[in-house]
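Examining the three-dimensional arrangement
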Amino acid sequence: MLGLVCLAEYALGATGQKQGMQLIDEGTCYYIQFNKPMDLSKIESVPYFDLFPTVVGAKTKTEKIPEEVHQFSTVENSQARSLYKNWRIETKGKEKWREDAPEPPDSRTQNGTILTSMRHDRNHNGLWEEAWNLREYFGVLVSTILEVFSDRNILVRSSPTDKIAKSFKQKTNTKLPTQASAVKIYMPSSIQGVNRILADGIGSSSRKDKWLNLWLIAKGLFNFALSERVKVADNTFDWRVVLLEPKDISLSNYRSVLNDLRKLNPPGSGYGIARFDAELVLKFSQEMLNLSCQTGRKSKLVNNFRGSHFGYKGQVYGLKDVFSLGLPDWIKVSPEETKKAMRPRAVDRRKGTLIKTAIAFHKILEEHLKIVRSLNENQTEILAAYRDFITGKELELFFPFQVRYAEYAIKQLADPQAKNPYLLTLEGLNTMVRNFKNKSEEQDWSIDEIIENSGFLRIARAINQATVYAGKVQTKDGVKELDWQRNYGLAQRLSSHADSEKDFIRELTNFLISYENENVRLTEQLQKDGKKLYRVWTTKEDLDQILTLIKDKRFGCSLVANMLIAYGYAKWSKKSSDEKPEDEFELTNKTSTKK
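Counting starts from 1 at the beginning of each chain's written sequence and moves along it residue by residue. Note on the predicted model: pLDDT of at least 70 is required for a residue's local features to be given, and 80 or more for side-chain atom pairs to be given and counted; whole-chain, interface and lining totals, by contrast, use all residues. Each side-chain value is worked out from all heavy atoms of the structure, with water and hydrogens disregarded.

1. Some details on the overall build of the protein
Definition in use: For helices the rule is a DSSP run of H or I covering at least 4 residues; for strands it is a run of E covering at least 2, with both sets numbered from the N terminus onward. We call a residue buried when its accessible area falls under 20% of the maximum for its residue type, exposed when it is over 50%, and partly exposed in between, using a 1.4 Å probe and counting protein chains only. A contact between two residues is defined here by any heavy atoms of the two lying within 4.5 Å. Surface exposure here means Shrake-Rupley accessible area, sampled with a 1.4 Å probe, where a residue is shielded only by the protein chains that are shown.
If you tally the helices and strands in the protein, you get 23 helices and 13 strands. Within the protein, the proportion of its 595 residues that are buried is 52%. Here the analysis covers contacts within the protein between residues at least 6 apart in sequence; of these, 70% occur between residues at least 24 apart. By element, 47% of the accessible surface of the protein is carried by carbon and sulfur atoms, the whole surface being about 29500 Å².

Pasting the structure below:
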């Protein structure tokens, strides 16, 4: 589809039939919708043009490429990309556009580099060469392709490739190329180099496929794919290639979103594929949020990312995995609000303002990105759990990550040599969880019934003060030693009993008893010095409200328990509480009494 739409775009533009195109997934097939009918007779006279350029690396043989033909140099483009990335790192991505800023790289740089890296540049250029040899009849070829693919009956009854070859032969008395050498990244699920069947047999001849199919796929992938060389072990790098599945989006929007992502805001290539996937989805969500604010579209614009993973095997790359990455559907702005919004450009050159809701989503996406970037190769389980959440559709997928990250965060806080971990803010959590759909539409309830419950909030705050903001904490005035010590392993203990109502209540009660006793001890100790305790006190009413939520069949114990952990290990600020805090980490108690 992507090759066809590029072919149609150029042909219509060259014949003065410029018009918009919509990319639609109808479930059984992809569909390209034009604003008005095409005049195919005009397209027959279209002169030859390169559907995609030849790719040339440091070792590519160029004898068969005419001098007048444009060559895509992966060496030069990679150098420009490295220069731009280094500049972004040095300025921390916060510098505004200025005269001395390097030009953003060609968005296709990595798509060309993977071809030379996997030694497929020769096969890719071979696809180009076959089209170059047909340049005398190129307009007829283009019009024939568009004509055949416009007939749905042909697509159902027979192979469109065979129909195109037959019709082209009748019109020009010239045969189309039949087959072309395999290019793994163009058809990974069917072309795997030496697959198991061939490896177990006597021969291992080169795999081939229909030239026209590969030619169109080459155009779509080279122009629109996002490829990255990702570190997977010491001195070992694999390639990850993804394509975005459109749902109902215009070609111009599809292209602009991907170009902004690949040129100005690409995912990192640091350690681990889970980090790459998570960054990809988060950064793409940023771009889609910007687009939604511009268009005000309520319908879904895109589906998932489809990708291929190629593992390094010493001398060659082999297909390791074909995968799909979902997109978080909780990032959305209502149609009424989007009409008032101004579209922000890339992060560095944003102009105008977003409405309050869009700003909230941008803030939480930045919070998520900070967390993902802060994790290294020693936290692969945490990253994997986070990738499962951000590419999934259910709130429950957030909880396994949150428990693992909570334990990691506590260890970091306890280590005086470690950097303070990033935590999701309470405001960010509220923004996120409020946009998840209920599993059962028959049950009429809102997540607000949990996160706005006063008992839930006070007990979550108690967990927070016993874990995150305990012991030594970093304040705006430097490191401060609080009077209470940090409670280790609480998230793990509460999570392990989340599926059992009886066991979870017992574990939570044990914590509250311990917390209450510590409050009493600290109060007596501070009173001797004429001071008072700035820490939240929980009450029996708070526990009763939690029990009511747990026993409510609409929620269940697991949801309430995991939500309590998530909010307990979040970042609470002055604005997060109705009560007046002494500083960023302490909460004055004015309403509750000691039991």
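2. Some details on the pattern of salt bridges
When their charged atoms lie close together, side chains carrying opposite charge are able to pair. Test applied: Note on definitions: salt bridges are taken to be side-chain nitrogens of Lys or Arg within 4 Å of carboxyl oxygens of Asp or Glu.
Applying the stated criterion across every chain, the model contains 21 salt bridges. One salt bridge connects Arg306 with Glu245, and the closest N-O pair in it is separated by 3.1 Å. Placement of the pair is Arg306 in strand β10 (residues 302-312) and Glu245 in strand β8 (residues 236-246), with a sequence separation of 61 residues. Between Asp448 and Arg434 there is a salt bridge, with its nearest N and O atoms 2.6 Å apart. Residue Asp448 is located in helix α18 (residues 448-451), and its partner Arg434 is located in the loop between α17 (426-433) and α18; the two are separated by 14 residues in the primary sequence. Accessibility expressed as a relative area gives 25% for Asp448, which makes it partly exposed.

3. A short note on the sheet that holds strand β9 (residues 248-250)
Condition: Strand pairing is defined by DSSP finding a minimum of two bridges between the two strands. Comment: axis = line fitted to C-alpha atoms, over the contacting stretch for helices; angle = value between 0 and 180 degrees taken between N-to-C directions.
Spatial ordering of the open sheet is given by β2-β1-β9, a layout of three strands whose pairing is antiparallel. Of all strands in the sheet, those with a lone pairing partner are β2 (30-34) and β9, marking the two edges. Geometrically, the sheet is characterised by an average inter-axis angle of 20° between neighbouring strands, direction not taken into account. In the packing of helix α1 (residues 2-14) onto the sheet, contacts are made with β1 (21-25) and β2, and the angle to β1 comes to roughly 165°.

4. Overview of α17
With seven of eight residues buried, α17 is to be regarded as a mostly interior element. Along α17, the positions that sit buried rather than exposed are Leu426, Gly428, Leu429, Asn430, Thr431, Met432 and Val433.

5. A word on a positive patch on the surface
Applied cut-off: Only residues whose relative accessible area exceeds 30% and that form no salt bridge enter a patch; like-charged residues are grouped when within 9 Å of one another, and nonpolar side chains (Val, Leu, Ile, Met, Phe, Trp, Tyr) when within 5 Å. Note on charges: Lys and Arg go in the positive column, Asp and Glu in the negative column, and His and the chain ends are not counted at all. To locate a charge, take NZ of a lysine, CZ of an arginine, CG of an aspartate or CD of a glutamate.
A cluster of basic side chains, namely Lys247, Lys300, Lys332, Lys393 and Lys437, defines a positive patch on the protein surface. Following the sequence through the fold, Lys332 ends up in the loop between β11 (317-325) and α13 (335-338). What makes Lys332 partly exposed here is its relative accessible area of 35%.

6. Quick look at the packing of α17 against helix α23 (residues 557-568)
Definition in use: Residues are grouped as follows: nonpolar covers Ala, Val, Leu, Ile, Met, Phe, Trp, Tyr, Cys and Pro; charged covers Asp, Glu, Lys and Arg; every other residue, Gly included, is treated as polar.
At their nearest, the axes of α17 and α23 sit 10 Å apart, and the two run at 145° to each other. Here α17 contributes Leu426, Leu429, Asn430 and Val433 to the contact with α23, which in turn contributes Met563, Ala566 and Tyr567. The residue makeup of the contact of α17 with α23, split by class, is six nonpolar, one polar and no charged.

7. Let's talk about unusual backbone geometry
Excluding glycine, residues mostly have negative phi values, and the peptide bonds linking residues are mostly trans. Non-glycine residue Arg119 carries a positive phi angle of around 60°. Positive phi, close to 60°, is recorded for Asn235, a residue that is not glycine. Along the chain, Asn235 falls in the loop between β7 (226-233) and β8. Classification of Asn235 as exposed rests on a relative accessible area of 74%.

8. What to know about the environment of Leu7
For Leu7, the position within the fold is in helix α1. Classification of Leu7 by relative accessible area gives buried; the value is 0%. Distance in space between the C-alpha atoms of Leu7 and Asp50 is 9.9 Å, their sequence separation being 43 residues. Excluding its chain neighbours within four sequence positions, the residues that come into contact with Leu7 are Phe49, Leu51, Val142, Ile145, Trp215 and Leu216.

9. Here we look at the environment of Phe149
Mapping Phe149 onto the fold places it in helix α6 (residues 138-149). Sequence separation of Phe149 and Thr161 is 12 residues, and the distance between their C-alpha atoms is 9.2 Å.

10. As for the sheet that holds β11
Ordered in space as β7-β8-β10-β11, the four strands form an open sheet in which the pairing is antiparallel. Since the sheet does not close on itself, it has two edges, and those belong to β7 and β11, each with one partner. Averaged over neighbouring strand pairs, the angle between their axes works out to 25° when direction is ignored. For β8 and β10, the ladder comprises seven bridges, and the chain directions are antiparallel. If you follow Trp239 over to β10, its bridge partner there is Phe310.

11. Regarding α23
Here is the rule we go by: The span you would expect from a helix comes to 1.5 Å times its residue count less one.
For α23, spanning 12 residues, the distance from its first C-alpha to its last is 16 Å, which sits close to the expected 16 Å at 1.5 Å a residue. Where α23 is concerned, the buried positions are Cys557, Leu559, Val560, Ala561, Asn562, Met563, Leu564, Ile565, Ala566, Tyr567 and Gly568.

12. Remarks on the pairing of β2
Judged from the five bridges that link them, β1 and β2 form a sheet pairing that is antiparallel. Bridged to Ile24 within β2 is Tyr31.

13. Regarding the nonpolar core
For the record, the criterion: Put simply, a nonpolar core is a bunch of buried Ala, Val, Leu, Ile, Met, Phe, Trp, Tyr and Cys residues held in one set by side-chain atoms that sit within 4.5 Å of each other.
Judged by nonpolar contacts, the single largest core of 161 residues is most densely connected at Trp215, Phe398, Leu508, Met563 and Tyr567. Broken down by element, this core gets its largest block of residues, 11 residues, from helix α12 (residues 273-295). Apart from residues lying up to four places away in sequence, Met563 is in contact with Leu395, Phe399, Val433, Ile447, Ile451 and Phe456. Of all hydrophobic cores here, the second largest spans eight residues; its members include Trp484, Leu522, Leu526 and Leu533.

14. Description of the confidence of the model for the protein
Put simply, the rule is: One confidence number per residue, pLDDT, is output by the predictor and ranges from 0 to 100.
Overall, the prediction assigns the protein a mean pLDDT of 84, with 85% of residues at 70 or greater. Contacts for the low-pLDDT stretch residues 192-205, under 50 throughout, to residues beyond four places or in other chains number 11 contacts. Segment residues 335-354: pLDDT under 50, and 42 contacts once partners within four positions in sequence are set aside and those in other chains are kept.

15. With respect to the packing of helix α10 (residues 211-224) against helix α11 (residues 251-264)
Defined as follows: For classification purposes, an angle smaller than 35 degrees is called roughly parallel, one larger than 145 roughly antiparallel, one from 65 to 115 roughly perpendicular, and anything else oblique.
At a minimum axis distance of 10 Å, the contact between α10 and α11 shows a crossing angle of 50°. By the angle class used here, α10 and α11 are oblique. When α10 is examined against α11, the residues Phe222, Asn223 and Phe224 are found in contact with a partner set consisting of Leu251, Tyr254, Arg255, Leu258 and Arg262. Per-class residue counts for the contact of α10 with α11 are five nonpolar, one polar and two charged.

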